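# Secondary and tertiary structure notes
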Amino acid sequence: MAHTFSLIDPIKRSLIIHILILELVILSFFTLSAYAKVDNLSKLLGVEESKAHLYEAKGPDWTCLDGSATIPYEAINDDFCDCTDGSDEPGTSACPNSKFYCRNVGHISSFISSSRVNDGVCEPECCDGSDEYDGKIKCPNTCKETNAEYTKKLKELEKLRTQGIRIRKEYIEKGRKIKTKNAAELNRLEIELRAAKIRVKEREVALKKIEDSKPDTEQLAPKGNRERMKKLHERIIALKGDINKLHEQIDTLLSILKDMKNNHNQNYHDMAVKTAIKAYDEFLEEYNKDMETEDGDEVEENYEDNYDDIPDKEKPQIEEPSELSDARDAFEEAEQEQKDIENHIDEVKSKLSQDYGLEYEFAALDNECFSYDSGEYTYSLCMFGSATQKSNKDHSSTDLGNFAKWIGAESSNDPRYYTRMLYEDGARCWNGPARSVKLYLECGADNQILSVSEPEKCEYHMRMISPAVCLDHNNDHNNHNTEHKHDEL
Amino acid sequence: MKFLFGNLKFSKASVQTKFYLFFLLYFIVSALVVTAVKRQDFKTCEQSSFCKRNRAYADRLTANHSLISPYSVIQDSIIIKDGIISGDLINSENNLIFIFELHLLEIGAARVRINEKNPLKPRYDKAKDWALVQDPSYTLEYTLISSKPDVTSLSFGKERKQAVSIYHSPFRVEFLVNDVPIITLNDRGFLNIEHLRKQVAPGLVDQSNGENDKIIDDENDLDKGLWKETFNGKEDSKPNGPESIGLDISFPGFSHVYGIPEHASSLSLKETRGGDDSYSDPYRLYNLDVFEYEVDNPMALYGSIPFMMAHRKGASAAVLWLNAAETWIDITKNKEDKHRLSSLLGFGKLTPTSTSAHWISESGVIDVFAFLGPTTSDIFYQYGLLTGFTALPQSFAIAYHQCRWNYLNQEDVAEVDENFDKYDIPYDVIWLDIEHTDGKKYFTWDSVKFPTPEKMQNNIGIKGRKMVTIVDPHIKIDDNYYIYKEAKDLDIFVKEPDDRPSVFNGPEITMPKDLIHHGGWEHRNLHNIYGVAYHSATSKGLINRSNPPRRPFVLSRAFFAGSQRYGAIWTGDNFAKWDHLAIATPMLLTIGISGLPFSGADVGGFFGNPDTELLVRWYQAGAFQPFFRAHAHIDTKRREPWLFGDPYTGYIRDIIRERYALLPLWYTLFHEASTTGMPIIRPMFTVYPEDEETYAMDDQFFVGNSLLVKPIVNEGQTSTEVYFPGNEIYYDYFTHKKVHGSGKVQIEAPINKIPVFLRGGSIVPKRQRIRRSSAAMRTDPFTLLIALNKYGNATGSLYLDDGETYDYEKGHFIHLQFKFSKRKLFSKPLSLLNNDENLYAQSISSVRVERIIVLGLDLKPKHIYADCIDGSKIKRELQFGLPTTNSANVVIIKGTDLLITEEWVIDFSY
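This one's a predicted model, so the numbers in the text were calculated from it and none came from an experiment.

Calculation criteria
- Residues numbered from 1 in each chain as written.
- Chains lettered and ligands numbered in written order.
- Predicted model: local features only at pLDDT ≥ 70, side-chain atom pairs only at ≥ 80, totals over all residues.
- Heavy atoms only, no water.
- Helix = DSSP H or I, 4+ residues; strand = E, 2+ residues; numbered from the N terminus.
- Rg over C-alpha atoms; globule rule 2.2 N^0.38 Å.
- Buried < 20%, exposed > 50% of the residue type's maximum accessible area, 1.4 Å probe, protein only.
- Domains from an automatic or database assignment.
- Contact = heavy atoms within 4.5 Å.
- Buried area = accessible area lost by both parts, 1.4 Å probe.
- Salt bridge = Lys/Arg side-chain N within 4 Å of Asp/Glu carboxyl O.
- Polar contact = N/O pair within 3.5 Å; in protein donor to acceptor, adjacent residues only side chain to side chain.
- UniProt positions renumbered as here; feature names shortened; annotations may be inferred.
- Pairing = 2+ DSSP bridges.
- Axes fitted to C-alpha atoms, helices over the stretch in contact; angles between N-to-C directions.
- Parallel < 35°, antiparallel > 145°, perpendicular 65-115°, else oblique.
- Nonpolar A, V, L, I, M, F, W, Y, C, P; charged D, E, K, R; others polar.

Moving on: the overall build of chain B. For chain B, the helix and strand inventory stands at 15 helices and 45 strands. Expected size for 910 residues packed as a compact globule is a radius of gyration near 29 Å; at 28 Å, chain B falls within 12% of this value. C-alpha extents for chain B along the principal axes are approximately 90 × 70 × 55 Å. Buried residues in chain B amount to 66% of all 910 residues.

All right, on to the domain arrangement of chain A then. Residues and elements named next belong to chain A. What the domain assignment lists for chain A is domain 1 (2–42), domain 2 (231–320) and domain 3 (367–471). Between domain 2 and domain 3, the residue contacts involve eight residues of the former and eight residues of the latter. Together, the buried faces of domain 2 and domain 3 total about 590 Å²; carbon and sulfur atoms form 46% of this surface. The largest contributions to the domain 2 side of the interface with domain 3 come from Asp-259, Met-260 and Asn-263, which together make up 51% of the buried area. Counting the contacts that link domain 2 with domain 3 gives two salt bridges. Across the pair Asp-394 and Lys-258 runs a salt bridge, and its minimum N-O distance is 3.8 Å. Where domain 2 packs against domain 3, one counts one residue pair in polar contact (both at pLDDT 80 or more).

For the coordinates displayed, the defined rule picks out 93 salt bridges over all chains. Among the salt bridges present, the one from A:Glu74 reaches A:Lys43, with a minimum N-O distance of 3.7 Å. Placement of A:Glu74 in the loop between β2 (70–72) and β3 (99–102) and of A:Lys43 in the loop between α1 (10–29) and β1 (61–63) is noted, with a sequence separation of 31 residues between them. Owing to a relative accessible area of 14%, A:Lys43 belongs among the buried residues under this scheme. B:Arg550 is the partner of B:Glu804 in a salt bridge, and the nearest nitrogen-oxygen pair spans 3.1 Å. Of this pair, B:Glu804 sits in the loop between β38 (794–801) and β39 (813–821) while B:Arg550 sits in the loop between α9 (530–545) and β25 (555–556), and the two are 254 residues apart along the sequence. One salt-bridge network, held together by shared partners, links B:Asp236, B:Arg284, B:Glu326, B:Glu362, B:Glu508, B:Lys513, B:Glu522 and B:Arg524.

Moving on: the UniProt feature "domain: Glycoside hydrolase family 31 TIM barrel" (unreviewed entry) in chain B. Residues given the UniProt feature "domain: Glycoside hydrolase family 31 TIM barrel" (unreviewed entry) here are residues 391–500 and 501–669 of chain B. As annotated, residues 501–669 of chain B has a helix share of 38% and a strand share of 6%, and its two end C-alpha atoms lie 45 Å apart.

Residue and element names in this part refer to chain A. Taken together, the eight strands give an open sheet; going across it, the order is β5-β6-β7-β8-β9-β10-β12-β11, and neighbouring strands pair in mixed fashion. Pairing within the sheet leaves two strands with one partner each, and these edge strands are β5 (369–373) and β11 (448–456). The average undirected angle you get between the axes of adjacent strands in this sheet is 25 degrees. When strand β6 (residues 377–382) meets strand β7 (residues 386–391), the two strands line up antiparallel, connected through five bridges. Directly across from Leu-381, in β7, lies its bridge partner Ala-387.

All names here are of chain B. Strands sit in the order β24-β23-β22-β28 across an open sheet of four strands; the sheet is parallel. With partners counted over all chains shown, the strands left at the sheet margins are β24 (466–469) and β28 (628–630), one partner each. Between one strand and the next, the sheet's axes are offset by a mean angle of 25 degrees, whatever the strand orientation. Across two bridges, the pairing between strand β22 (residues 400–402) and strand β23 (residues 429–432) is parallel. Bridged to His-401 within β23 is Val-429. Strand contacts of helix α7 (residues 453–461): β23 and β24, with the helix running at about 135 degrees to β24, the strand carrying the most contacts.

All names here are of chain B. It is at 5 Å that the axes of helix α12 (residues 648–661) and helix α13 (residues 663–676) come closest, and there the two elements cross at 55 degrees. When the axes of α12 and α13 are compared, the pair comes out oblique. Touching Arg-659, Tyr-660 and Ala-661 of α12 are Leu-663, Pro-664 and Trp-666, all from α13. In terms of residue class, the contact of α12 with α13 is built from five nonpolar, no polar and one charged.

Written as structure tokens, this is what we have:
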């Protein structure tokens, strides 16, 4: 919203300025001890220069800018709203929908809503103080200071932006390299995979051959016994797996309950919750007691000991002829190799398909982790990875989610698209949704999380600066940003 | 700390400087169901032994017509002196003596007190110290009509239009107005005073304990709870045994009774002992924190006002049952009055329905006030004189409040504040809920989240906005916490029966009844006044803190009769559901007619997430509540007005702006309430007392006498039937168009519109400038909206003062009477001081009337002349404002230089 004077001829311009200054001087006489009604305001008060000609007197009447009505010229700025578009009251608060223009000589001109005219508050947007003229309050002209501050801040921002842009370029370069590297890697891996597959096939054939040629080897232990032991051993291993799984499930449930206990709303007075917490505490006490005297490990150890005591020949694991076992080992090794390559390929492919931004600038940050200490918690976030919240008291850690997508805008063509990331499907909140993080990125010379908040239960917002979002000036998004910064001043 | 105000959220009890320990982790309750309200967490009458006993007592009398009340006046014991009629009663079942007093009061009411003559120890009688402004004075305007052996009758009041008859055997009191009985006590014989007694060892029979044994002989389980009872595993030790009181109070000839808040129920109270659409349990008064309460239910909620009003054509009456213990009220309606009523009253073809209430309280004395009207406004005034009128709030308090549990930190507060400006939505107050404290240690501050509170407050204070903080009335146990330590050192905590400080662990999520307060009183006696005690202390503390004193703003969730003297209340933790939006109207109307007009329901619903339509509708309804605040639970999604996008954000903005435009009307109504007791939002029947159609109507109401409002409370609804009473002209408030037809009319109500109508005959003062806070409107010009009635007349008023201090008590205010009659509009100041002595009038001496809108003129005026009465300005012609219409229906007068503080006349000539 740059308002250049070049549109108006200089003489006219200085005339307008003079009229306005004169007007302000006159106004200051009206500032009595109480505020005063201001009679006969200039028809140009609150009008921007480019529209001044629309407010020139061309007879006794004047037509609203939307053409909705014709009113006496005197009715402009008479502190009564006549026009539906509010155009007759540019300088007062009489119309709900009009804008007041602050010239802010020495700084950047701006508009404020007419509801802010003579409301007893010096609007920061009107550094010239022209928005308050009825004497309720005196607003000093601070345009010089404001402008100095603004220019300074702008310069600082500009400096940071310039740095950011430079770093971003490096990121882009780095990203390009990563992309090329990954593509090459994929190429290589695919070739390797083909080789690996052939190897597996070959070794499988070899193994089969040996197996077919060697009938059952002589048994070192009675067959039935051995078979039974083998089965039991397998069963024990399966059961151990089950126990581990159950332990994990108990741990999960305990962590859910712990979460509920710590995070439930104490003022909710939900008896079901309170009962559950009490039951959890009791259970935990019992459980911890049990865990201390847990004889599970003993059983296991006993089993291991006893198993070791069994004479080797009784054991189900029968020594195979080395030829056969070698062949099997070779086959399994090849199979594993193939699997490894396949996994590697998936990894590289997923990286190649990851959306690293407009110009692949975010690839350089892939899996870089940043953290933020809020006092109570330390938050950490790995780009395109996961986000966690760690208690600074008991160091318990909560999963806040994994990278899901970019959400800065509807369409990826919109430059804002790559300014906001969503991490989701974190640990579920008690009585609430799964935790998630919205990461808001702003241009900066380095990568840093500035703040973390939880505006709604379990929905975290992180503000972060990063050079990756420092775009060039001629970009829409940047202009938008500058304007925003300007508003804040 | 300029903008800090206290706030009271919980109801949990204690007296004055007593604090109540609260340690949340130690709840032990066995219920386990996952739905909304946990009914089983709260007692039914059946589970409350004294309620059960009194109900059984009543049932016995009702079932057996040969049984009569055993209480009678002892022969020749009646003494009449200085407005007090006193005497002794005897209970023939146990020969115990009781003393009764009947006070004839100056305020147009009477008081009946009954106590044991020689109680074992004093019964609790201090509820009056909290509820009443002062002990009311007796009138000497009375005449003894008859003094016979069976009845004593007096007439009283200046014109002797009121009368009381005391029937001796059985004891019965009847109040009459113009010779028609309107209130009777013990008409049905339910008077029951359980005398204090010593516990006798099991197996022995206490000779003095006769009344229950004889009347209730075979119900042994009724005796179970006499000396001890348990609820959900919590034991009430009941060291004093049974001490309940019960009495029936009937309104002969009245089919509708109202009041006894707080219940999520209809305005006209329902029957509780059978009948159509009746409740099975009595209405209960016991201040409780009910999690996700149910609508259409007589269960107790956060506050209690034991005030009941009855209304019919030509008469209104009311009672206050002044008791702070747990109270249950059974309501029955009789089609025919078995006690001689139909024959006595000249109702013609009408079959009168009488309504009777059976009041049951756990302890204390019988202390009943009877307000004799005859009109509803008389009753509001009489009740206000007794318990106090609502305190005139600061002007910001009636503007829009933005609240959430919780705005997280200073940045959050700044962002919310900025967004209101960005979207040009006015608001006056942002709230910080309990998370602003350091670990819920109330009166402390979380300096991590809010490191520079003064700066934070100044940033919003510059724009005329305020900040309110919330505390809960319990004290965390922590030796490093100064308040805990002070209270411990002073030994002022509420005590367990064994003298230890009490820790929160009671039944029904509140304090156990056998805890001991200051003075040795058991909690059971005073449970319902803990909230008002806390409210009063907070309010007085705030007044003392500022010099010159500024009016405090203290919002409480708990309340009792008299709470209106200390501030506002809200209806507690409601739900983001349509039925909760709907129930807010009858709840607020009920609370309003019970002397507490400054009330509101959380906009949006506290629990849960309202969808856009519900939220818009809730804002529309909330804008016409006396207290207008959006609030949300910590687990809910953010719902600040700008989060919904256009057009919805615009609809919310529009209605909040409309609230601000109408602030002059609201403030004037608050002033009226603070001097006359008139409710601010009024049930239809109080404005049209002769129209029976309105008696049970509680989905539409009047703001003052001028605006008829019907909130839309159903999903997807875009039109509704509005009842237009009084054969009067009504105008659409927003479009200024006349409503066609009267009585029930179908009205369009698209999502952006709440049906609001101007009643013909009213003048509404407005301020139409859009500002960001009410403080910024202080010197804005006025608009007068004049809605003429069918005779071409209208009246209205405007009250204004500095909205902050008590200077108005010294006359620094303006009070204008507007009158439109015979095509002339008069503005007449009623102020006490001349403008040159009146500091407030001076401060707005150049504020103009910028616009006058007249609806319903029969002929459009050709010229409009204004004339200042003081003659300082000559008669001059005013201009028409745009847009002008060709019809006479809407005439807009433009921007005059008429000053609001001056007296003037405007002549609308042909």
